[in-house]
Amino acid sequence: MKRFWYHGKITMEGVRNAQVLINEAVKAGDPEVTLCLCSGGGDVLAGTGLFHYLRMVPLSVHTHAVGNCASIAATVFMAGARRTVSPMTVFSLHAARYSEGPLLGQIAPNTAIIAAPFSALGWSDDEVSSRFSTEDFRFDPDEAVRLRVADAVEDLAFNAGDEIINIRIPGSE
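Counting from 1, residues in each chain are numbered in the order their sequence is written. Totals for whole chains, interfaces and linings use all residues, but because this is a predicted model, local features are given only for residues with pLDDT of at least 70 and pairs of side-chain atoms are given and counted only at 80 or more. Hydrogens and waters are ignored; side-chain quantities use all the structure's heavy atoms.

Considering the overall build of the protein chain
1) Next: Helix and strand definitions here come from DSSP, where helices need a minimum of 4 consecutive H or I residues and strands a minimum of 2 consecutive E residues; each element is numbered from the N-terminal end. Scanning the protein chain from terminus to terminus reveals 6 helices and 8 strands.
2) Next: Starting at the N terminus and ending at the C terminus, the protein chain contains elements arranged as β-α-β-α-β-α-β-β-α-α-β-α-β-β.
3) Next: Across its three principal axes, the protein chain shows a C-alpha extent of roughly 50 × 35 × 30 Å.
4) Next: Burial analysis of the protein chain (173 residues in total) assigns 46% to the buried set.
5) Next: By definition in these notes, contact holds between two residues if any of their heavy atoms fall within 4.5 Å. In the protein chain, of all internal contacts separated by at least 6 residues, the share reaching a separation of at least 24 is 71%.
6) Next: Per-residue and other accessible areas follow the Shrake-Rupley method at a 1.4 Å probe size, with only the shown protein chains counted as cover for residues. Surface accessibility of the protein chain: about 8,500 Å² in total, with carbon and sulfur atoms responsible for 53%.
7) Next: Separation between the mean location of the 14 positive side-chain charges and that of the 20 negative ones in the protein chain comes to 3 Å. The buried label applies to any residue whose accessible area, calculated with a 1.4 Å probe on protein chains only, is under 20% of its type's maximum; exposed applies above 50%, and partly exposed to all values in between. Counted as positive: Lys and Arg. Counted as negative: Asp and Glu, with His and the chain ends omitted from the count. Charge positions come from single atoms, namely NZ of Lys, CZ of Arg, CG of Asp or CD of Glu.

Considerations on the packing of aromatic side chains
Centre-to-centre distance and the angle between the planes together describe a pair of aromatic rings.
1) Next: The rule is short: rings of Phe, Tyr and Trp, with Trp giving its six-membered ring, pair when the centres are within 6.5 Å, and they are stacked under 30 degrees, edge-to-face over 60, tilted in between. Under the definition given, this model contains 5 aromatic pairs.
2) Next: Look at Phe-137 and Phe-139: their rings are 5.2 Å apart centre to centre, the planes differ by 35°, and that puts the pair in the tilted class.
3) Next: For Phe-139, a relative accessible area of 5% corresponds to the buried category.
4) Next: Connected via pairs of aromatic rings, a cluster forms that spans Phe-77, Phe-91, Phe-137 and Phe-139.

Some details on the environment of Ala-28
1) Next: Residue placement: Ala-28 occurs in the loop between helix 1 (12-27) and strand 2 (32-39).
2) Next: For Ala-28, a relative accessible area of 52% translates into the label exposed.
3) Next: In the structure, Ala-28 is positioned 25 residues away from Tyr-53 in sequence and 18 Å away in space, judged by C-alpha atoms.

Observations regarding helix 1
1) Next: In this model helix 1 runs 22 Å from its N-terminal to its C-terminal C-alpha over 16 residues, within 8% of the 22 Å that 1.5 Å per residue would give.
2) Next: For helix 1, the complete set of buried residues consists of Gly-14, Val-15, Ala-18, Ile-22 and Ala-25. One side of helix 1 holds all its buried residues, which, seen down the axis, span an arc of 95°.
3) Next: The secondary structure elements touched by the buried residues of helix 1 are strand 1 (2-7), strand 2 and helix 2 (44-56). Working rule for helices: expected span equals 1.5 Å times residues minus one. When we speak of the arc, we mean the arc of directions from the helix axis to the C-beta atoms.

A short note on the pattern of salt bridges
1) Next: Only one rule defines a salt bridge in this text: a Lys or Arg side-chain nitrogen within 4 Å of an Asp or Glu carboxyl oxygen. Going through the model one piece at a time under the given rule, you end up with 6 salt bridges.
2) Next: A salt bridge links Arg-138 to Asp-136; its shortest N-O distance comes to 3.2 Å.
3) Next: The class for Arg-138 is exposed, based on a relative accessible area of 55%.
4) Next: Owing to a relative accessible area of 40%, Asp-136 belongs among the partly exposed residues under this scheme.
5) Next: Of the charged contacts, one joins Glu-143 and Arg-146 as a salt bridge, the two residues approaching to 2.8 Å between their closest N and O atoms. Of this pair, Glu-143 and Arg-146 are both found in helix 6 (residues 141-146), 3 residues apart, which corresponds to roughly one turn of the helix.
6) Next: Looking at Glu-143, the relative accessible area reads 23%, which means it is partly exposed.

Function-wise, these values are silent; they only describe arrangement.
Have a look at this one:
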């Protein structure tokens, strides 16, 4: 089993490296991969691209959150066909905001895009609005299961035969 480790900011370069490595797993005929995520978020465009890529690859993707899974990283986490979370993980959701220009700090329209996988869980419009606002909505692993964000809380153990692959995120070294 190939276990990919993405530890750091979600960036275009990191996402491209993840895609290249997962493409190699597809070419090798691997039926399943695990993407371990420990990230405070980052680039919304890169993250939504990785979310869709993970949903499109012809293999089963298991996502596993460790440590911190925040902002766009939480949306990436939702791409997993199976989603698990380590017991010492914190999730954090919030609206996307303009980072420059005359609308600086205001909620950006792409908030609807990053919230869509959570809406698909059956969250009401009010739940989505309150959890993707200007304030952080933080929750622990048990709450993640209750909210249907994660399937289970578990310590993921690497097995002797697993191939563990660190995804290089330029600028994070």
